[in-house]
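# Working through the structure, step by step
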Amino acid sequence: MEVEVLTMAYPPLFVFIAALLVLVLPRVTGFAIGALSLAAVLAISLVAPEGQHLAGTFLGFKVVPFYVDEFSRMIGLGLGFLGICSVIYAYSSEASKTLTAFALVYVSSSIGAAFAGDWLVLLFMWELMAVTSTLVVWQYGGEAVRAGFRYALFHGTAGVLLMMAVAVHYVKSGTFIYDAAGIADGIPALLAVLGMGINVAFIGVHVWLPDTYPRPHFAASVFLSVYTTKTSAFVLYRAFPVEGQSDLSIYIAYMGGLMAVYGATFALLQHDMRALLSYHIQAQLGYIVAGIGIGSPIAVAGAMAHLFNNVFFKSLLFMAVGVVIYRTGEEDLYELGGLWREMPLTAIGFGLGAFSITAIPGFNGFISKGMLFNAADPHYYGQPEYQALYWLLYLGAIGTLLSFLKLGYYVFFHGDSDLEVADAKPGQTVAMLGLGGACLLFGVWWQGLADLTPMIHGVEFEYPGGHGELHPYSQSHLETAGILTAIAVVVFVIVRKPLSKLDLGDPAMVVFPATYYGSRWTMLAVTETYAAVDDAVVGTVKRCYWIRNNPVLAVDAAAGRLPDWLVEVDDHQPTDGGRPSTIHLRTGIGTTVLLLTLVLTVILWLLIV
């Protein structure tokens with residue numbers, strides 16, 4: 001009985017109901033229910049039995065809305081725990097009930113996409129995720145409105161491409177249900193890569209990310225920083241699993257390596273703190289995408305572990321930066337400094353996240369990033385064709401270290417603070433330290449992370465010259481981490497001052513003038529069409545209301561517009577108030593039969609349908 005109850009407990013539904021309750025209940029009660037709904041997701045993810053649940057049919061197609069395996073279980077645990085912390089953070093950060101309700105619906109669609117067992121359910125959740133995340137951005141108003149519109153255009157395009165991929169996949173395979181081969185090869189795989197590539201910020205279609213995430217409420221940025229991109233990266237694995245053999249895999253892997261370098265490079269050039277973190281979303285997604293593209297067991301295990309870890313440290317960094325913005329009102333990192341004395345708890349939270357994302361030993365990023373290095377390195381588990389990819393990931397790691405040396409130095413340590421500000425509020429502190437604790441826990445107790453990670457259990461990873469198991473704190477791993485850190489520190493000392501004078505834009509942003517004008521005309525077309533439809537509907541309602549109150553005058557006016565050969569309208573004199581106006585209609589028998597035939601045909605058709 002307990003197992004049956006768990007298989008009927010659909011995780012996204014709990015969060016969706018909580019989102020509705022947030023709108024109508026008192027603020028503290030609604031936010032508490034929101035956090036509890038995500039605790040339920042965490043619990044269900046942990047104990048629900050593996051397999052297909054809630055399977056059925058929709059429009060004649062077999063669907064599996066709730067599918068549990070070791071992959072979706074791990075993602076559900078990460079998204080559920082983050083959700084709890086994010087709701088607590090939003091409450092303490094004075095986020096509105098409306099924003100939080102939108103965010104919870106967005107979270108529910110992301111969780112629904114993670115637990116989907118077929119492409120049809122995934123497509124529905126994917127589109128819902130795009131719509132609700134746009135609402136999370138728009139809700140803040142101001143500059144976020146235009147950014148949200150551009151965001152919607154990108155994700156609408158991604159949805160169309162994925163929809164086309166799923167349709168062609170069904171034609172080729174005859175089913176929407178996931179299988180070990182992933183998306184059908186050929187056109188479906190190409191369309192899926194293009195659609196999913198937008199959501200995971202492939203180079204060239206990534207501009208929505210640094211354009212959007214710095215603009216909404218800082219608590220909204222915490223939700224946005226994880227759910228779309230990490231869920232989409234997980235869906236990319238569903239399309240290209242270990243068992244699947246795709247000709248696109250090597251291109252996906254190298255795109256990941258380029259993303260790691262590109263994102264870290266442009267993060268270094270940012271003055272806006274949230275823009276810097278946004279580019280590092282792309283950079284860290286690069287590691288995940290590279291692992292999925294390599295496709296070996298150790299690579300996929302590293303990709304999923306890094307995705308899981310990224311859920312924690314990336315949101316933690318957005319939280320810490322959000323508190324700085326909340327307390328100081330400043331977005332430019334070069335306008336700050338010395339805040340560690342004013343905001344020690346926030347500095348600790350930032351430090352935990354920074355040590356994790358830069359793969360410092362003792363933190364979770366060190367474990368997962370080390371797995372990905374080994375998966376690409378031909379001297380360990382990699383193949384010769386991935387030698388260049390290994391060096392791209394290496395360069396990305398140096399860029400990541402440089403970026404967070406820069407961010408931490410200028411915000412918390414450079415000079416003395418000119419501001420007297422309070423530290424994080426209690427709820428913000430709880431959320432940050434909760435996520436920071438998870439980063440530290442899975443770095444020290446790496447066996448716990450390995451137990452959650454798919455593809456690890458009982459697997460010996462073969463490599464040229466031998467085979468081995470997972471040993472994250474081996475001498476070679478520690479030496480690599482030490483070399484990377486030393487290089488980054490030396491380079492930062494050399495480039496710190498010149499770097500502070502640079503403010504170079506992303507070359508991909510050159511598309512924005514065209515995008516702006518294209519978006520402007522598209523927006524005007526949409527809004528003017530909406531206005532025309534709105535006027536028509538309102539006018540129709542007004543006329544119906546007038547007809548209801550003046551039926552005789554309405555019939556008189558309508559009949560007066562008909563041709564004389566169809567209807568004759570008897571002349572009548574306006575009444576003087578003592579007698580209601582009357583109208584006499586006459587029509588031929590042929591017209592009467594025609595009208596009656598049309599009416600009966602419509603009624604019969606409706607009854608048959």
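Residues numbered from 1 in each chain as written. Predicted model: local features only at pLDDT ≥ 70, side-chain atom pairs only at ≥ 80, totals over all residues. Heavy atoms only, no water.

Before going further, it helps to examine empty space enclosed by the protein. Tallied over the full model, the rule gives 2 cavities of 30 Å³ or more. Volume-wise, the second largest cavity comes out at about 30 Å³. Looking at the second largest cavity, the residues that line it are Ala305, Ile367, Met371, Trp446, Leu449, Ala450, Thr453, Ile456 and Leu470. Mapped by element, the contributors of at least two residues to the lining of the second largest cavity are α17 (364–376) and α20 (446–452). With 3 residues, the single largest contributor to the lining of the second largest cavity is α20. Grouping the amino acids of the lining of the second largest cavity by side-chain chemistry returns 8 nonpolar, 1 polar and no charged. (1 Å grid on protein atoms, 1.4 Å probe; cavity = no way out; pocket = protein on both sides within 12 Å on 5 of 7 lines; lining within 4 Å. Points joined across faces, edges and corners; volume = space filled by probe spheres on them. Helix = DSSP H or I, 4+ residues; strand = E, 2+ residues; numbered from the N terminus. Nonpolar A, V, L, I, M, F, W, Y, C, P; charged D, E, K, R; others polar.)

Here we come to the packing of helix α3 (residues 27–47) against helix α4 (residues 70–92). Any two packed helices are characterised by how steeply their axes cross, that is the angle between the axes, and by the distance between the axes. Where α3 contacts α4, the two axes come as close as 8 Å, and the packing angle between them is 165°. Between α3 and α4, the interaxial angle falls into the category roughly antiparallel. Where α3 crosses over α4, the handedness of that crossing is left-handed. Along its contact with α3, which presents Arg27, Val28, Phe31, Gly34, Ala35, Leu38, Ala39, Val41, Leu42, Ser45, Leu46 and Val47, the element α4 presents Arg73, Gly76, Leu77, Leu79, Gly80, Phe81, Gly83, Ile84, Val87, Ala90 and Tyr91. Here the residues of the contact of α3 with α4 are counted per class, giving 16 nonpolar, 5 polar and 2 charged. (Axes fitted to C-alpha atoms, helices over the stretch in contact; angles between N-to-C directions. Parallel < 35°, antiparallel > 145°, perpendicular 65-115°, else oblique. Left-handed = near helix turned anticlockwise from the far one by under 90°. Contact = heavy atoms within 4.5 Å.)

Within the secondary structure, Asn309 is located in helix α14 (residues 297–328). Beyond its immediate stretch of four places on either side in the chain, Asn309 contacts Asn364, Gly365, Ser368 and Leu449.

Before going further, it helps to examine the nonpolar core. Of all hydrophobic cores here, the largest spans 183 residues; its most connected members are Trp119, Met196, Met273, Met304, Leu407 and Val411. A per-element tally of this core places α14 first, with 21 residues. Setting aside residues no more than four positions away along its own chain, Met273 makes contact with Val321, Val324, Ile325, Glu330, Glu331, Leu333, Leu336, Leu407 and Val411. (Core = buried A, V, L, I, M, F, W, Y, C linked by side-chain atoms within 4.5 Å. Buried < 20%, exposed > 50% of the residue type's maximum accessible area, 1.4 Å probe, protein only.)

A grouping of Leu405, Val489, Val490, Val493 and Ile494 is seen on the molecular surface, where their side chains present a nonpolar patch of about 430 Å² in accessible area. Here the nonpolar patch gets 4 residues from one element, more than from any other, and that element is helix α21 (residues 475–500). Along the chain, Val490 turns up in helix α21. (Patch = residues over 30% accessible without salt bridge, like charges linked within 9 Å, V, L, I, M, F, W, Y side chains within 5 Å. Areas by Shrake-Rupley, 256 points an atom, 1.4 Å probe, with all protein chains shown as cover. Salt bridge = Lys/Arg side-chain N within 4 Å of Asp/Glu carboxyl O.)

Taking 1.5 Å of rise per residue, the 22 residues of helix α13 (residues 273–294) would be expected to cover 32 Å, and the 32 Å separating its terminal C-alpha atoms lies within 8% of that figure. In terms of burial, α13 is largely enclosed, as 22 of its 22 residues are buried. One side-chain oxygen of the residue at the start of α13 lies 2.9 Å from the amide nitrogen of Arg274, identifying that residue as Asp272. Gly295 lies just past α13 and shows a positive phi near 80°. (Expected span 1.5 Å × (residues − 1). Polar contact = N/O pair within 3.5 Å; in protein donor to acceptor, adjacent residues only side chain to side chain.)

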